[in-house]
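# Close look at the chain arrangement
Read off the chains here:
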Amino acid sequence: MTTSISLFDNLQIGGADIVLMMGPCSVESHEQVYDIAKSMRALGLHVMRGGAFKPRTSPHTFQGLGLEGLKILRQAADEFGLLVISEALGIAELPLVAEYSDIIQIGSRNMQHFPLLWAAGEQQKPVLLKRGFMSTVQEWLAAAEHIASRGNQQIILCERGIRSFDPSTRNVLDVNAIAQIKAVTHFPIIADPSHATGRADLVPAASRAALAAGADGLLVEVHPNPAAALSDGAQSLPLASLPAFVEDMRRIASAMGRGVV
Ligand code: PEP
Ligand code: MN
């Protein structure tokens with residue numbers, strides 16, 4: 001039994017409908033985010049993702065626009081009636097992310113950053129907790145309990161792939177974990193097929209598998225021009241492919257007796 005989290009009006013995560021959260025890996029410009037927000041609105045989607053504070057493996061790559069990125073996301077989301085999910089990379093930025101976003105994302109690399117989990121547990125907004133890419137399901141659930149221990153029960157889990165021996169994909173989507181989480185917790189669970197595969201060509205199949213396993217939503221990276229993306233272009237769906245992708249997800253959702261929002 002999943003406890004659903006109400007976002008606004010009739011929108012819930014963990015309820016009857018599957019929630020498709022989409023957006024760029026990194027917020028790059030006003031125009032980029034507006035193009036995405038407009039397409040999402042036209043497809044009847046409600047939650048836009050976008051990284052402003054980025055956890056990049058190398059310090060020599062784009063590190064995100066920071067506060068400016070959050071402002072761009074908020075402005076575009078408000079104009080198109082969308083909600084925002086964005087990552088809080090550290091305790092210092094958490095209040096800013098909570099102010100500008102509707103869902104606070106905690107990234108894979110921070111799954112066991114306990115002081116950050118406690119600080120998120122003191123916020124009033126839903127927290128999306130990504131699985132550490134080398135963490136067990138048990139460690140992940142214990143991390144969620146750290147958030148809950150400070151009073152915030154609005155926790156969404158996100159399976160984003162775990163590291164394996166095989167370099168043919170960036171990570172491996174742990175579909176088992178999605179089914180297991182459904183069986184052992186009441187938290188909603190979504191999947192991130194973008195980081196799980198690292199390849200745009202594999203994102204639709206991984207997404208179908210996640211929904212068939214019972215995921216309550218997806219977190220998908222999209223870009224108007226993936227070849228020019230400042231981060232994660234290889235795994236970003238081109239904006240032009242969204243209508244077909246969403247239609248594909250609606251078919252799977254319908255087979256599961258669910259809708260897509
Ligand atoms: C992201 O969603 O932007 C991200 C950095 O993902 P992860 O923490 O799963 O690597
Ligand atoms: Mn990314």
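Above this text you will find the structure in question.
## Regarding the site of ligand 1
Around ligand 1, the neighbouring residues are Arg 49, Lys 54, Pro 55, Glu 87, Gln 105, Gly 107, Ser 108, Arg 109, Lys 130, Arg 160, His 195 and Glu 221. Taking Lys 54, its side chain carries an N or O atom lying 2.9 Å from an oxygen atom of ligand 1. A total of 300 Å² of accessible area belongs to ligand 1 in isolation, and the protein chains cover 96% of it. Broken down by class, the residue content of the shell around ligand 1 amounts to one nonpolar, four polar and seven charged.

## Concerning the coordination of the manganese ion (ligand 2)
Every protein donor of the manganese ion (ligand 2) is accounted for by Cys 25 (SG), His 195 (NE2), Glu 221 (OE) and Asp 232 (OD), and the metal-donor separations fall at 2.0 to 2.4 Å. Along the chain, the residues donating to the manganese ion (ligand 2) are arranged with the sequence spacing C-x169-H-x25-E-x10-D. One end of the pair, Cys 25, is in the loop between strand S3 (19-23) and helix H1 (30-42); the other, Glu 221, is in strand S10 (residues 217-223), with 196 residues separating them in the sequence. Exposure remark for Cys 25: the relative accessible area of 4% places this residue in the buried category.

## Structural notes on the pairing of S10
The element S10 is largely enclosed, with a buried count of seven among its seven residues. With burial as the criterion, each face of S10 is covered, one bearing Gly 217, Leu 219, Glu 221 and His 223 and the other bearing Leu 218, Val 220 and Val 222. When S3 meets S10, the two strands line up parallel, connected through five bridges. Looking at the pairing, Met 21 lines up with Leu 219 of S10. Relative to S10, strand S9 (residues 189-191) runs parallel, the two sharing two bridges. The residue of S10 that forms the bridge with Ile 190 is Gly 217. As judged from the two bridges shared by S10 and strand S11 (residues 237-238), these two strands associate in the parallel manner. In the strand pairing of S11, His 223 is matched with Pro 238.

## Quick look at the nonpolar core
Ranked by size, the top nonpolar core spans 60 residues in total, and within it Leu 20, Met 22, Met 48, Leu 129, Leu 157, Leu 218 and Phe 245 carry the most contacts. Not counting chain neighbours up to four residues away, the residues in contact with Met 22 comprise Met 40, Leu 45, Val 47, Met 48, Arg 49, Val 220, Val 222, Leu 242, Phe 245 and Val 246. Counting 16 residues, the second largest nonpolar core, distinct from the first, contains Ile 5, Leu 7, Val 47 and Leu 83.

## Some remarks on the environment of Ile 162
With respect to the element layout, Ile 162 can be found in the loop between strand S8 (155-159) and helix H6 (175-184). When the C-alpha atoms of Ile 162 and Thr 136 are compared, they prove to be 9.2 Å apart, with 26 residues separating the residues in sequence. If near-sequence neighbours (up to four positions away) are discounted, Ile 162 is found in contact with Arg 131, Gly 132, Phe 133, Ser 135, Asn 171, Val 172 and Asp 174.

## Quick look at helix H4 (residues 114-121)
For H4, every residue scored as buried is listed here: Leu 116, Leu 117, Ala 119, Ala 120 and Gly 121. Packing partners of the buried residues in H4 comprise helix H3 (94-100), strand S6 (103-106), strand S7 (127-130) and helix H5 (137-148).

## Thoughts on the pattern of salt bridges
Applying the stated rule across the entire model yields 14 salt bridges. Residues Arg 170 and Asp 232 are paired through a salt bridge, measuring 3.1 Å at the closest nitrogen-oxygen approach. Taken together, the positions of Arg 170 in the loop between S8 and H6 and Asp 232 in the loop between S10 and S11 put the pair 62 residues apart, joining distant regions of the chain. Arg 170 gets classed as partly exposed once you look at its relative accessible area, which sits at 37%.

## Re H1
With 13 residues, H1 extends 18 Å between its outermost C-alpha atoms, agreeing within 8% with the 18 Å of an ideal straight helix rising 1.5 Å per residue. Gln 32, Val 33, Tyr 34, Ile 36, Ala 37 and Met 40 are the residues of H1 that are buried. In this fold, the buried residues of H1 make contact with S3, strand S4 (47-49), helix H2 (67-80) and S10. Gly 44 occupies a position one or two residues after H1 and carries a positive phi of about 75°.

## Concerning the packing of H1 against H2
Between H1 and H2, whose axes approach to 9 Å, the crossing angle comes to 30°. Here H2 runs roughly parallel to H1, going by the angle between their axes. Taken as a pair, H1 and H2 cross one another with a handedness that is right-handed. Where H1 approaches H2, its residues His 30, Val 33, Tyr 34, Ala 37, Lys 38 and Arg 41 are matched on the opposing element by Ile 72, Leu 73, Gln 75, Ala 76, Glu 79 and Phe 80. Considering only residue class, the contact of H1 with H2 consists of seven nonpolar, two polar and three charged.

Calculation notes
Residues numbered from 1 in each chain as written. Chains lettered and ligands numbered in written order. Predicted model: local features only at pLDDT ≥ 70, side-chain atom pairs only at ≥ 80, totals over all residues. Heavy atoms only, no water. Near = heavy atom within 4 Å. Polar contact = N/O pair within 3.5 Å; in protein donor to acceptor, adjacent residues only side chain to side chain. Areas by Shrake-Rupley, 256 points an atom, 1.4 Å probe, with all protein chains shown as cover. Nonpolar A, V, L, I, M, F, W, Y, C, P; charged D, E, K, R; others polar. Donors = N, O, S within 2.8 Å, 3.2 Å for Na, K, Ca; no water. Helix = DSSP H or I, 4+ residues; strand = E, 2+ residues; numbered from the N terminus. Buried < 20%, exposed > 50% of the residue type's maximum accessible area, 1.4 Å probe, protein only. Pairing = 2+ DSSP bridges. Core = buried A, V, L, I, M, F, W, Y, C linked by side-chain atoms within 4.5 Å. Contact = heavy atoms within 4.5 Å. Salt bridge = Lys/Arg side-chain N within 4 Å of Asp/Glu carboxyl O. Expected span 1.5 Å × (residues − 1). Axes fitted to C-alpha atoms, helices over the stretch in contact; angles between N-to-C directions. Parallel < 35°, antiparallel > 145°, perpendicular 65-115°, else oblique. Left-handed = near helix turned anticlockwise from the far one by under 90°.

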